[in-house]
Amino acid sequence: MTSSDGVLLSVRGLKKYFPVVKGVMFKHLLGNVQAVDDINFTVREGQTFGLVGESGCGKTTVSRLILMIEKPTEGVIEFEGKDINKLQGAGLLEYRKRVQPVFQDPYSSLSPRMQVWEIVTEPVIVTEKLNTAKAKERAAQLMETVGLSPYMIDRYPHQFSGGQRQRVAIARALSSNPKFLVLDEPVSALDVSIRAQIMNLLKDLQKQFGLTLFIIAHDLGVVRYMSETICVMYLGHIVEMGPSEKVYSKPLHPYTQALLSSALPYHPDAEKKKLIISGEIPSPLNPPLGCRFHTRCPHVMPHCSGERPVLKEVEPEHYVACYLY
Ligand code: SF4
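As the structure is a computational prediction, the values presented were derived from the model and not from experiment.

Caption draft 1: Seen up close, the overall build of the chain. Per the secondary structure count, the chain includes 9 helices and 12 strands. Taken along its principal axes, the extent of the C-alpha atoms in the chain is 70 × 60 × 45 Å. Put simply, the chain has 325 residues, and 48% of those count as buried. Sequence-distant contacts in the chain: of pairs separated by 6 or more residues, those separated by 24 or more amount to 63%. Carbon and sulfur atoms provide 53% of the accessible area of the chain, an area that totals close to 16,200 Å². Of the charged side chains in the chain, 37 are positive and 33 negative, and the gap between their average positions amounts to 4 Å.

In structure tokens:
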């Protein structure tokens, strides 16, 4: 059940550390890659929540934790009020049906040896005990839902274009009547000309089936087009979060400001001042103390390398973790 305030997914104190060990016979721990370090956010039912940041910021680890591909080091992920890492049996099976992924690369995420009807119905063919005729019927309906001809169900993935393959991946995700789709860079491997078609398809399906979308992308244009709420991550921390239009029109965190300034303008006539961030993103094995952005921040102050700044609400529903506020 969704909570009374409409929260479908709640993440609290979530950490994922990956140990780094040296040696073959006598292993010793060098340290931990702090991929995700104590983050909190909620996703409301029916909304699109966008997670952005540079490569290595931890956003894909967050999606893998939600999909239960990884287990958290600490913290809780609740879906419909239940801790997903305590689910067992029928509850776990139900979660796996309700939460479905769509990955970045439709070339590698679809098995080349399976016909499309097998791919599309794979999440349910066993659990719903579908025979071949029923599975083909279900696959044909799903193909139509995503704008593909139902007569293509006997083909193999290599017989489809990149955009069509991503439609097949979306049909597969829809086969178990999900509530929540985790979209990891869903259009970044596609030609620019078909990205808009896939984004519009996802928006249409969201309305049609009342889906909640969790979208991860490094392309800020994609996230802006799709999301109502945007969350910006830097080196395992959330640095800013708020309604999409607020974050885009008035980014508060110096990292968000730099990230947005380097993105293409939403309108070609819009004026932009480019902010350059100096230096490389530090190693997550040995991240800077305090504010993790302090080694690159143009506004750094002496106390920025002390305590970690907490994420606080500086305007209604607009949160930022920075000592400037
Ligand atoms: Fe920059 Fe300090 Fe704000 Fe971090 S806390 S973003 S270093 S001003």
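Caption draft 2: Quick peek at a nonpolar patch on the surface. A surface patch of nonpolar side chains, about 470 Å² in accessible area, is lined by Val 24, Met 25 and Phe 26. Looking at the secondary structure, you find Phe 26 in the loop between strand 1 (7-22) and strand 2 (28-44). By relative accessible area, Phe 26 is classed as exposed at 74%.

Caption draft 3: View of helix 3 (residues 116-125). Restricting attention to buried positions, one finds in helix 3 the residues Val 116, Trp 117, Ile 119, Val 120, Thr 121 and Val 124. The secondary structure elements touched by the buried residues of helix 3 are helix 4 (132-145) and helix 5 (162-174).

Caption draft 4: How the structure looks around the pattern of salt bridges. Counted under the stated rule, the structure contains 16 salt bridges. The shortest N-O distance in the salt bridge between Glu 78 and Arg 12 comes to 3.3 Å. With Glu 78 in strand 4 (residues 74-79) and Arg 12 in strand 1, the pair connects residues that are 66 residues apart, well separated along the chain. In this structure, the salt-bridge partner of Glu 80 is Lys 179, at a minimum N-O distance of 2.9 Å. Separated by 99 residues along the polypeptide, Glu 80 in the loop between strand 4 and strand 5 (82-83) and Lys 179 in the loop between helix 5 and strand 7 (180-184) bring together distant segments of the chain. Residues Glu 80 and Lys 179 agree in their burial class; the two are buried. Salt bridges here are not isolated pairs; linked through shared partners, they connect Glu 45, Glu 80, Glu 94, Arg 98 and Lys 179.

Caption draft 5: How the structure looks around the packing of aromatic side chains. The tally for this structure, following the rule as stated, stands at 9 aromatic pairs. Here Phe 41 and Phe 49 contribute two aromatic rings whose centre-to-centre distance is 4.9 Å and whose plane-to-plane angle is 25°, an arrangement assigned as stacked. Judged by centre distance (6.2 Å) and plane angle (25°), the rings of Phe 180 and Phe 214 are stacked. Taken as a pair, Phe 180 in strand 7 and Phe 214 in strand 8 (residues 212-217) lie far apart in primary sequence, 34 residues in all. One exposure class covers both Phe 180 and Phe 214, and it is buried. Sitting above the plane of the Tyr 225 ring, Lys 203 keeps its charged end 4.2 Å from the centroid.

Caption draft 6: Molecular detail of the site of the ligand. Around the ligand, the surrounding shell consists of His 253, Pro 254, Cys 291, Phe 293, His 294, Cys 297, His 299, Met 301, Cys 304, Cys 322, Tyr 323 and Leu 324. Classifying every residue of the shell around the ligand gives 9 nonpolar, 3 polar and no charged.

Caption draft 7: How the structure looks around the pairing of strand 4. Here strand 1 runs beside strand 4; their pairing, made up of 5 bridges, is antiparallel. Its bridge partner being in strand 4, Leu 9 is matched across the sheet by Phe 79. Hairpin connection, strand 4 to strand 5: the antiparallel pair is bridged by 2 residues, and Glu 80 has positive phi, about 50°.

Caption draft 8: Molecular detail of the nonpolar core. Residues Met 143, Val 146, Val 168 and Ile 170 are the most contacted members of the largest nonpolar core, which totals 57 residues. The residues touching Ile 170, leaving out its near neighbours within four places in the chain, are Val 102, Val 146, Ile 198, Leu 201, Leu 202 and Leu 205. By size, the runner-up hydrophobic cluster in this structure holds 30 residues, among which are Phe 49, Phe 180, Phe 214 and Met 233.

Caption draft 9: Representation of unusual backbone geometry. Phi at Glu 80 is positive, roughly 50°, even though this residue is not glycine. At Leu 235, a position not held by glycine, the phi torsion is positive, near 50°. Considering the arrangement of structural elements, one finds Leu 235 in the loop between strand 9 (229-234) and strand 10 (237-243). The buried category is assigned to Leu 235, whose relative accessible area is 2%.

Each value, and the rule that gives it
Residues numbered from 1 in each chain as written. Predicted model: local features only at pLDDT ≥ 70, side-chain atom pairs only at ≥ 80, totals over all residues. Heavy atoms only, no water. Helix = DSSP H or I, 4+ residues; strand = E, 2+ residues; numbered from the N terminus. Buried < 20%, exposed > 50% of the residue type's maximum accessible area, 1.4 Å probe, protein only. Contact = heavy atoms within 4.5 Å. Areas by Shrake-Rupley, 256 points an atom, 1.4 Å probe, with all protein chains shown as cover. Lys, Arg positive; Asp, Glu negative; His and termini not counted. Charge placed at Lys NZ, Arg CZ, Asp CG, Glu CD. Patch = residues over 30% accessible without salt bridge, like charges linked within 9 Å, V, L, I, M, F, W, Y side chains within 5 Å. Salt bridge = Lys/Arg side-chain N within 4 Å of Asp/Glu carboxyl O. Phe/Tyr/Trp six-rings, centres within 6.5 Å; stacked < 30°, edge-to-face > 60°. Lys NZ or Arg CZ within 6 Å of the ring centre and 35° of its normal. Near = heavy atom within 4 Å. Nonpolar A, V, L, I, M, F, W, Y, C, P; charged D, E, K, R; others polar. Pairing = 2+ DSSP bridges. Core = buried A, V, L, I, M, F, W, Y, C linked by side-chain atoms within 4.5 Å.

Shape descriptors only; they carry no functional weight alone.
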